[in-house]
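Structural overview for review
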Amino acid sequence: MNGTATRTPAQQVEQQVEQQVEQQAAQQAEQQPVPAAVLPSVAEMRLPVWFFGFEGVLAGAFDLLRAAPSAWPALVVLVAVNLGVSLTMMRSRLKLAKLLWRGKGTRKVALGLVGLRLGSHLVLGLLGAAVTGALGHVLFALVMSTVTVALLVHVQRTSLAALVAAGKATA
């Protein structure tokens, strides 16, 4: 079956209308090319380095709190500062940040990091080498922060390249 037999007539009409709207939008986009001066450049859209620093610290927060439980107020302040600065200074870059968080690649990275965190602690526990000391937790936090930043930089680079290829940004 092609799937149309199970749809109601209203659903079929709705799908046809959606297809027509998409076709009209595509035709208008072809007829009205966006001038390069209007398109944002990759440099304008690139997220600043401090953003990745914040994300790295937050990725290692679990182990940082295990190493120094009294550091939670500093992490709360760091999250508040990150949100405040992101919503004010990075207003023009929020579009890219939203695209990054909506992208499949970023979701894979997030799920992979959660899996890495849980899996590595589980494996280390099963091997009898569970991370218990403050130094171990600090080292684990550094590893998780480094992996997170590296993966986020990769996702950003891939997303910006895709925007340039799609004609939505200039190199």
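What counts as what
- Residues numbered from 1 in each chain as written.
- Predicted model: local features only at pLDDT ≥ 70, side-chain atom pairs only at ≥ 80, totals over all residues.
- Heavy atoms only, no water.
- Helix = DSSP H or I, 4+ residues; strand = E, 2+ residues; numbered from the N terminus.
- Buried < 20%, exposed > 50% of the residue type's maximum accessible area, 1.4 Å probe, protein only.
- Contact = heavy atoms within 4.5 Å.
- Areas by Shrake-Rupley, 256 points an atom, 1.4 Å probe, with all protein chains shown as cover.
- Expected span 1.5 Å × (residues − 1).
- Phe/Tyr/Trp six-rings, centres within 6.5 Å; stacked < 30°, edge-to-face > 60°.
- Salt bridge = Lys/Arg side-chain N within 4 Å of Asp/Glu carboxyl O.
- Polar contact = N/O pair within 3.5 Å; in protein donor to acceptor, adjacent residues only side chain to side chain.

1. Remarks on the overall build of the chain
Per the secondary structure count, the chain includes eight helices and zero strands. Of the regular secondary structure in the chain, the N- to C-terminal order runs α-α-α-α-α-α-α-α. Among the 171 residues that make up the chain, the fraction classed as buried is 24%. A fraction of 78% describes how many contacts in the chain between residues 6 or more apart in sequence connect residues 24 or more apart. Accessible surface, the chain as shown: approximately 11,600 Å² in total, 66% of it carbon and sulfur.

2. Some thoughts on helix H7 (residues 104–126)
Its 23 residues place the ends of H7 32 Å apart at the C-alpha level, agreeing with the 33 Å of an ideal helix rising 1.5 Å per residue. Within H7 the residues assigned to the buried category are Thr106, Val109, Leu113, Arg117 and Ser120. In the segment just after H7, glycine 128 is the residue with positive phi, at about 80°.

3. A closer look at the packing of aromatic side chains
Any two aromatic rings considered together are summarised by their centre-to-centre distance and by the angle between their planes. Following the criterion strictly, the structure yields two aromatic pairs and no others. Relative to phenylalanine 54, the ring of tryptophan 50 has its centre 5.6 Å away and its plane inclined at 85°; by these criteria the two rings are edge-to-face. Placement of the pair is tryptophan 50 and phenylalanine 54 together in helix H3 (residues 49–59), with a separation of four residues, close to one helical turn. Between the aromatic rings of phenylalanine 51 and phenylalanine 52, the centroid separation amounts to 5.7 Å while the plane-to-plane angle is 80°, which identifies the pairing as edge-to-face. Of the two residues, phenylalanine 51 and phenylalanine 52, neither departs from the other in class, the shared state being buried.

4. Considerations on the pattern of salt bridges
This model, assessed by the stated rule, comprises one salt bridge. Ionic pairing is found between aspartate 63 and arginine 117, a salt bridge with its closest N-O pair at 2.2 Å. With aspartate 63 in helix H4 (residues 61–67) and arginine 117 in helix H7, this residue pair connects regions lying 54 residues apart in the sequence. An identical accessibility class is assigned to aspartate 63 and arginine 117; each is buried.

5. As for the side chain of histidine 137
By secondary structure assignment, the location of histidine 137 is in helix H8 (residues 134–165). Residue histidine 137 is classed as buried on the basis of its relative accessible area, which comes to 5%. Polar side-chain contacts of histidine 137 include one of 2.7 Å to the side chain of aspartate 63. Discounting chain neighbours no more than four positions away, the residues touching histidine 137 are Asp63, Arg66, Ala67, Val131 and Thr132.

6. Points about the side chain of threonine 148
When you line up the elements, threonine 148 lands in helix H8. Contacts of threonine 148, omitting those with residues within four sequence positions, involve Glu55, Ala59 and Leu113.

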